[in-house]
Amino acid sequence: MRVGSILSVSFCMNKIPVSKISRISEEFLAGTLKTAKLAAELHITRRTVARRVAKLKRLAAAFPDKLQDLSFNPPRQPREKTQLYRDLIGILPVLVDRAATPCLYAESLWAEYRKIYPQGYGKFWFEHHYRAWRASNQVCRFYNQRVRVISPEDDAILQKWRSAGSREQWKKATVILGSFAGRTLAELMGQVEKTRPTLLEWIENYKNGGLRKLDLQPYTTCPALLEGVRLKQENLTRLLHQAPKLHGFNRTSWRVEDLVTAYQAVYNLPISRSCVLENLHKMGLGYYKSRELLTSPDPDFREKLGHIKHILRNLGEHERFFSVDEYGPFAIKLKTGRSFTRERQTVPQVQKSKGCVVLIAALELSRNQVSHFYSYKKNTDQMIRLLDLLLEEYRDTEKLYLSWDCASFHAAKKLYARRDEINSEAYRLQHRTPLVEFAPLPVSAQFLNVIESVFSGLARAVIHNSNYGSAEECRAAIDRHFMERNRHFREHPRRAGNKIWGQELVAPEFHEGRHTKSLSAMRGAR
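Note that the structure is a prediction, hence the values are computed from the model and not measured.

Enquirer: Can you lay out the overall build of the chain for me, pointing to particular residues and giving the numbers?
Expert: Check the secondary structure of the chain and you find 21 helices and 5 strands. Sorting the 526 residues of the chain into buried and exposed places 38% on the buried side. When contacts within the chain are restricted to residue pairs at least 6 apart in sequence, those whose partners lie at least 24 apart make up 64%. When the accessible surface of the chain is totalled, it reaches about 32,200 Å², and 52% of it is carbon and sulfur.

Laid out in structure tokens, this is it:
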């Protein structure tokens, strides 16, 4: 008998206390073990002692250095595959290819197997090994329904479909080529997001009629139905060309409910509200309200956004990501805003300015800290000044990422030359500064700039409803706001709703589904 088989019983599966096992081991190692006497002392049977001694003898033969280690478990030796198992694994591919049913059922396969091997596995163990074989070989239950032949001409067309603009053609090409390659239906279903019956239908159609049966058939509609739709749209157009007052409605513009009532009264035909809306939509008509639309026309929008997300997901402990922007210039004068008052306050339209403020700031996202300074203009020199300020404040870091919108002075050659100078090995050795990398936002995507949310909170806190006497007084208020804000977030990493900066437009974090810029806040600061 093999040692691995003898020692396969684990010592950790004991039904007697460890202290008694230890006593048996001590007596065995000392050579003073007397089975009957020790069994009486430990209040166990002599058979239990004899079994433990037999295991210790086997352990002494195989692992003599592990005799005193009660927690040691002898390693299991893999069992050799029996001839019965090898016969089953060898015959399973043949049984699967011979299967007459469209789906591979274990019961019918077992019946064929027993015809070949009458003394083979029973149904339970056959199904167990069959499922394991299917999983390891990626054979699904619909294996026999797969596409077995694809002509070179069809293969060329299917390859074009996979790279074509039509998503439906891509799905069908992926299913046919995947089925031919032996991929499972479950895998294909997850990729093309279609149900199993749909995939089986496509595969069967191709096997029976080739690509001709896979082509998208044009949708046809009954001519009488099309004529009825055209007539409804013409009648609605006539009504829309007339004023609602002509039909007894005291309104300057049509409502859907009024169109339904007028249509039924004029044409004596039933029509529903949903039918009116659907036909108006088909005609390209609808209710629109003019509004300020924030949209980025950048063709590389997804690539730039993905690059920024990749940086944020993989931001290291000694790396910092900054959202950079400018606030202003805005004049120091009496500002409008929302406040608790008894009556509506008025602000003179024409006021004498007491000064002008331009704020340039950078928000460090991982620790929510704002670095800022003031200027009289916005240009490339101020961006270089901000870059030098950040290099000084974050000298102990390894890399700085700066993200800003696509203003002309953010992409100036002078600024990029300064970045290259800072990243040079000689400069870094002399000044011991971190690396710098720019991560610009997409064109016209300032609504993604995270610091805009901080500026909105700043405007609501110290700009709106203000009447500072000078630019210096306004700068002092801004400095205090950012000082308190930075201290708060150093002490409390989570924002608190009872703080003024808890009332910012959105949380200051990068999120493509949010508008961080408040139009009303920016208008109030002008």
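Following the structure, the description resumes.
Enquirer: Residue-level account of the packing of helix α8 (residues 152–162) against helix α9 (residues 167–180), with values.
Expert: Relative to each other, α8 and α9 sit at 130°, their axes nearing to 7 Å. In terms of orientation, α8 and α9 fall into the oblique class. Our pair here, α8 against α9, has a crossing hand that is left-handed. Contacts between α8 and α9 pair Asp155, Leu158, Gln159, Trp161 and Arg162 from the former with Gln169, Trp170, Lys172, Ala173, Thr174, Ile176 and Leu177 from the latter. For the contact of α8 with α9, the per-class residue count stands at 6 nonpolar, 3 polar and 3 charged.

Enquirer: Before we move on, can you summarise unusual backbone geometry with the specific residues and values?
Expert: Across the junction of glycine 328 and proline 329, the peptide omega takes the value 5°, indicating a cis bond. Looking at the element boundaries, proline 329 is found in strand β1 (residues 319–331). The backbone of glutamate 193 shows a phi angle near 60°, a positive value even though the residue is not glycine. Looking at the secondary structure, you find glutamate 193 in the loop between α10 (185–192) and α11 (196–209). Phi at arginine 432 takes a positive value of approximately 55°, unusual for a residue other than glycine. For arginine 432, the location among the structural elements is in the loop between α18 (425–431) and β5 (435–438).

Enquirer: An account of the packing of aromatic side chains is requested, with residue identities and associated values reported.
Expert: Going through the model one piece at a time under the given rule, you end up with 12 aromatic pairs. Where phenylalanine 249 meets tryptophan 254, the ring centres are 6.0 Å apart and the plane angle is 65°; that geometry is what we call edge-to-face. Assessed through its relative accessible area of 7%, tryptophan 254 is described here as buried. Through a chain of ring-to-ring contacts, the aromatic side chains of Tyr113, Tyr117, Phe126 and Tyr130 assemble into a single cluster. The aromatic ring of phenylalanine 438 is capped on one face by arginine 419, whose charged end is 5.2 Å from the ring centroid.

Enquirer: A description of the sheet that holds β1 should follow, citing residues and the corresponding values.
Expert: Strand order in this open sheet of 5 strands is β3-β2-β1-β4-β5, and the pairing throughout is mixed. Each edge of the open sheet carries a strand with a single partner, namely β3 (369–375) and β5. Geometrically, the sheet is characterised by an average inter-axis angle of 25° between neighbouring strands, direction not taken into account. Relative to strand β4 (residues 399–403), β1 is paired through 5 bridges, and the arrangement is parallel. Bridging across to β4, glutamate 319 finds its partner in lysine 399. Seen against the sheet, helix α16 (residues 380–393) touches β1, β2 (356–364), β3, β4 and β5 and runs at an angle of roughly 140° to β3.

Enquirer: Describe the state of the cysteines, and please don't skip the residues or the numbers.
Expert: With the rule as written, the count across this model stands at 0 disulfides. Of all cysteine sulfurs in the structure, the one in cysteine 474 sits closest to cysteine 356, which takes part in no disulfide; the separation is 9.9 Å.

Enquirer: Before we move on, could you go through the pairing of β5 and cite the residues and values that matter?
Expert: Side-chain direction in a regular strand flips from residue to residue, so the side chains alternate between the two faces of the sheet. Alternating positions in β5 separate cleanly, Val436 and Phe438 being buried on one face and Leu435 and Glu437 remaining unburied on the opposite face. The pairing of β4 with β5 spans 4 bridges and is parallel. Looking across to β5, one finds that leucine 402 is bridged to phenylalanine 438.

Enquirer: Can you tell me about the nonpolar core, naming the residues and giving the values?
Expert: Phe330, Leu359, Ile463, Cys474 and Ile478 are the most contacted members of the largest nonpolar core, which has 33 residues in total. Elements represented by at least two residues in this core include exactly α15 (301–313), β1, β2, β3, α19 (451–463) and α20 (471–491). Counting residues per element, this core draws most heavily on α19, which supplies 7 residues. Aside from chain neighbours lying at most four places away, what touches isoleucine 478 is Phe330, Leu359, Tyr374, Leu458, Val462 and Ile463. Val324, Ile384, Leu386 and Phe438 belong to the second-largest nonpolar core, a separate cluster that totals 22 residues.

Enquirer: Describe the side chain of asparagine 486, listing the residues and the values that go with them.
Expert: Mapping asparagine 486 onto the fold places it in helix α20. Among the residues examined, asparagine 486 registers a relative accessible area of 10% and is labelled buried. Separated by 2.9 Å, the side chain of asparagine 486 and the backbone nitrogen of valine 370 make a polar contact. Excluding residues that lie within four positions of it along the chain, asparagine 486 makes contacts with Asn368, Gln369 and Val370.

Enquirer: Please provide a residue-by-residue account of the pattern of salt bridges, values included.
Expert: Opposite charge on two side chains permits pairing when their charged atoms draw close. Using the criterion set out here, one finds 21 salt bridges in the structure. For glutamate 257, the salt bridge goes to arginine 273, with nearest N and O atoms at 3.2 Å. Within this pair, whereas glutamate 257 is found in helix α13 (residues 256–267), its partner arginine 273 is found in helix α14 (residues 273–282), the two being separated by 16 residues in sequence. Among the charged side chains, a network of salt bridges with common partners joins Glu227, Arg230, Glu234 and Arg238.

Enquirer: Pulling in residues and values, what's your account of α16?
Expert: One turn of the α-helix equals 3.6 residues, which is why residues spaced by three or four share an orientation. Spanning 14 residues, α16 covers 20 Å between terminal C-alpha atoms, matching the ideal 20 Å at 1.5 Å per step. All buried positions along α16 are accounted for by Thr380, Gln382, Met383, Ile384, Leu386, Leu387, Leu390 and Leu391. Residues of α16 that are buried in the fold lie against β1, β2, β3, β4, α17 (413–423) and β5. Residue asparagine 379 occupies the N-cap position of α16, its side-chain oxygen lying 3.2 Å from the main-chain nitrogen of aspartate 381.

Thresholds, definitions, all that
- Residues numbered from 1 in each chain as written.
- Predicted model: local features only at pLDDT ≥ 70, side-chain atom pairs only at ≥ 80, totals over all residues.
- Heavy atoms only, no water.
- Helix = DSSP H or I, 4+ residues; strand = E, 2+ residues; numbered from the N terminus.
- Buried < 20%, exposed > 50% of the residue type's maximum accessible area, 1.4 Å probe, protein only.
- Contact = heavy atoms within 4.5 Å.
- Areas by Shrake-Rupley, 256 points an atom, 1.4 Å probe, with all protein chains shown as cover.
- Axes fitted to C-alpha atoms, helices over the stretch in contact; angles between N-to-C directions.
- Parallel < 35°, antiparallel > 145°, perpendicular 65-115°, else oblique.
- Left-handed = near helix turned anticlockwise from the far one by under 90°.
- Nonpolar A, V, L, I, M, F, W, Y, C, P; charged D, E, K, R; others polar.
- Phe/Tyr/Trp six-rings, centres within 6.5 Å; stacked < 30°, edge-to-face > 60°.
- Lys NZ or Arg CZ within 6 Å of the ring centre and 35° of its normal.
- Pairing = 2+ DSSP bridges.
- Disulfide = S-S within 2.5 Å.
- Core = buried A, V, L, I, M, F, W, Y, C linked by side-chain atoms within 4.5 Å.
- Polar contact = N/O pair within 3.5 Å; in protein donor to acceptor, adjacent residues only side chain to side chain.
- Salt bridge = Lys/Arg side-chain N within 4 Å of Asp/Glu carboxyl O.
- Expected span 1.5 Å × (residues − 1).

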